Amino acid sequence: MKIAIIGTGNLGLSIAKGILHSNGATTMYLTKRNIEGIQEFEKYGNVTVTTDNAEAVRESDILVFAVQPGHFAPILNEIKDLLTEKHVILSTITGFSIKKIEEIIGTHQYIIRSMPNTAISVGKSMTCICANVKGQKRIDLAKAIFNRMGHSLVIPEEQMQAATVICASGIAFWMRLIRATTQGAIQLGFDANEAQELAMYTCNGAAELLISSGNHPEEEIDRVTTPMGCTIQGLNEMEHQGLSSSLIKGITTSFEKISQIRKG
């Protein structure tokens, strides 16, 4: 695949690393206004670092846009006359709809929106993907790219805001749960480093159990709860204190906020 990352900031770099480390590109162009910090990527041999977006577009088939939202429309206007029937437009820009992209470059292009989260930097992103009518023909290609950096799911575009809350904001929600578990472990006598290690790897193991087995969370909960045992007593106390309802309320409150931002 001939890939260009247009806007190689933190997210663009994470995507580039994921693709390069999995040998997912025959050639790659990385563009940025100041290329000093990314020139080391040319050591890969098949990578060209440049400030010239037009050059990157001409030499690539898949164009991954990872720029700031305010810069996206000007860049699309800059390169739209260079686009051919081979190009796949893959946007990672939050809040920039497919309709707005089509208004600039037309409905005849393959256009795909994606919403990765910060775990993409460690190859564990949950990335949601949607596409215009033409882009549906390249949706498997987008999935293949993002599956190199975690897991991807195709959803309708109208669910992208909700996915942002669950997957992008969700990283922060899970971090807070891990932090709370860490604090509990410290109270039980572990030092801070041990406590965080216990919390992190237990959280990771819980997720892997569900991913590997396909089970519902309650099935795995049943495996570790016994009648009158410590686990069920702890779970019940958490529920009495509002654990599940607080999480759900936090998620819906975040969604209300992101919906207000979009209307504004």
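For the structure itself, look to the data block above.
Residues numbered from 1 in each chain as written. Predicted model: local features only at pLDDT ≥ 70, side-chain atom pairs only at ≥ 80, totals over all residues. Heavy atoms only, no water.

**Student:** Could you clarify how one ought to interpret the state of the cysteines in this entry?
**Tutor:** What makes a disulfide is a covalent bond joining the sulfur atoms belonging to two cysteines. What the rule picks out here adds up to zero disulfides. Here C130 stays unpaired: no disulfide links it, and the sulfur of C128, its closest cysteine neighbor, is 9.0 Å away. According to the relative accessible area criterion, C130 is buried, its value standing at 2%. The structure places no disulfide on C203, whose sulfur is separated from the nearest cysteine sulfur, that of C167, by 15 Å. On the basis of relative accessibility, which here comes to 27%, the residue C203 falls in the partly exposed class. (Disulfide = S-S within 2.5 Å. Buried < 20%, exposed > 50% of the residue type's maximum accessible area, 1.4 Å probe, protein only.)

**Student:** I keep staring at the sheet that holds strand 8 (residues 150-154) and nothing clicks. Help me out?
**Tutor:** Spatially, 3-2-1-4-5-6-7-8 is the arrangement adopted by the eight strands of the open sheet, whose pairing is mixed. Each edge of the sheet is formed by a strand with only one pairing partner; in this case those strands are strand 3 (47-50) and strand 8. For this sheet the average axis-to-axis angle between neighbouring strands, irrespective of direction, equals 20°. Taken together, the four bridges between strand 5 (residues 88-91) and strand 6 (residues 110-115) define a ladder with parallel strand orientation. Bridged to S91 within strand 6 is R113. Contacting strand 5, strand 6 and strand 7 (125-131), helix 4 (residues 98-105) runs over the sheet at an angle of about 145° to strand 6. (Pairing = 2+ DSSP bridges. Helix = DSSP H or I, 4+ residues; strand = E, 2+ residues; numbered from the N terminus. Axes fitted to C-alpha atoms, helices over the stretch in contact; angles between N-to-C directions. Contact = heavy atoms within 4.5 Å.)

**Student:** Teacher, can you tell me more about a negative patch on the surface here?
**Tutor:** A cluster of acidic residues, E218, E219, D222 and E239, forms a negative patch at the surface. By residue number, the principal contributor to the negative patch is helix 8 (residues 217-224), which donates three residues. Along the polypeptide, E219 turns up in helix 8. Residue classification places E219 among the partly exposed positions, given a relative accessible area of 42%. (Patch = residues over 30% accessible without salt bridge, like charges linked within 9 Å, V, L, I, M, F, W, Y side chains within 5 Å. Areas by Shrake-Rupley, 256 points an atom, 1.4 Å probe, with all protein chains shown as cover. Salt bridge = Lys/Arg side-chain N within 4 Å of Asp/Glu carboxyl O. Lys, Arg positive; Asp, Glu negative; His and termini not counted. Charge placed at Lys NZ, Arg CZ, Asp CG, Glu CD.)

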